[in-house]
Amino acid sequence: MKILILILLFQISVFAADFQTHLSVSAGPNITFSKAEHNIWKQYNGFRVSNIKINLNTLLSAGYNHKINNNILTSISVLAEIGYNFSGYMRPEDGDFGVEGGTVYFHNLVLGLNPTLNFYNDLSFGIGAGVMFPLSANIVGDWIMIGDYNEAKAKKLSFKDIKKLYKVPVMPYIKFSVERYFKYDKIDLITGGVLTYNFGMVCESDALSSAFSYGSYKFSSLSLEVFLGFGFGRPK
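Remember, predicted model here, so these are calculated numbers, not experimental data.

## Considering the confidence of the model for the protein chain
Averaged over every residue, the pLDDT of the protein chain is 82; residues scoring 70 or more account for 76%. Of the regions scoring below 50 in pLDDT, residues 4-16 engages in 17 contacts with residues more than four places distant in sequence or in other chains.

What follows is the structure, given as structure tokens:
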């Protein structure tokens, strides 16, 4: 977070810019890519693509809009964002090799940076990046990969549990966005879409050794969302 603040302060001191902020809510489908290696039951190994799960975001973005003397590319915005993410990551069952699979729903804190190119002051294309910090999670299904955490009394994972299960308990992401701005007096109504690739996490080998003898497990995901928001600061 300190790095994001320093970047914004650098913008203020070096470039002539207008303050810009917006709040948005987005939702859409999320697909998980997972790969597992098993020490004993080799039939559980391999790469799998999940069914669709839900991905939700509530993000507050703030930064500066840098005007450009051009009739087409009118400005560039660099916005820091913070918010909440809820997403489901699934290891699907494989009917040919028995029941093995399940879903974990994470509650995440989001911190990111989202530069955008603004055309005609009402259409934007952004390429952003950041990290999601999983604060807690809920397990759905009899997922043997989770081992001891699959018991009924442990269907909810705390941040302490997540730190034990995953080598690095953060999920980096990159995203591509398209935004359309509609001006109403001083308020901007914003709609658009976001394509996000989440690099996911890798399970801790010590935790896996007691979880049905897995040698390794890792996942990533791809989500496509539509969003609606409002904001201030974009030029007319």
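## So, a nonpolar patch on the surface
A cluster of nonpolar side chains, contributed by L23, L60, I82, L109, L135, I187, F230 and F232, occupies part of the molecular surface with about 650 Å² of accessible area. On the secondary structure map, L135 appears in strand β6 (residues 123-140).

## Some thoughts on the packing of aromatic side chains
By the definition in use, this model includes 10 aromatic pairs. Relative to F219, the ring of Y166 lies with its centre 6.3 Å away and its plane at 80°, an arrangement referred to as edge-to-face. Note that Y166 is positioned in the loop between α2 (159-165) and β8 (171-184) and F219 in strand β10 (residues 214-232), a separation of 53 residues in sequence. Accessibility classification places Y166 together with F219 in one group, the buried group. Aromatic pair F230 and F232: ring centres 6.4 Å apart, planes at 90°, arrangement edge-to-face. Residue classification places F230 among the partly exposed positions, given a relative accessible area of 42%. For F232, a relative accessible area of 38% puts it in the partly exposed group.

Reading the values: rules and limits
- Residues numbered from 1 in each chain as written.
- Predicted model: local features only at pLDDT ≥ 70, side-chain atom pairs only at ≥ 80, totals over all residues.
- Heavy atoms only, no water.
- pLDDT = per-residue confidence, 0-100.
- Contact = heavy atoms within 4.5 Å.
- Patch = residues over 30% accessible without salt bridge, like charges linked within 9 Å, V, L, I, M, F, W, Y side chains within 5 Å.
- Areas by Shrake-Rupley, 256 points an atom, 1.4 Å probe, with all protein chains shown as cover.
- Salt bridge = Lys/Arg side-chain N within 4 Å of Asp/Glu carboxyl O.
- Helix = DSSP H or I, 4+ residues; strand = E, 2+ residues; numbered from the N terminus.
- Phe/Tyr/Trp six-rings, centres within 6.5 Å; stacked < 30°, edge-to-face > 60°.
- Buried < 20%, exposed > 50% of the residue type's maximum accessible area, 1.4 Å probe, protein only.

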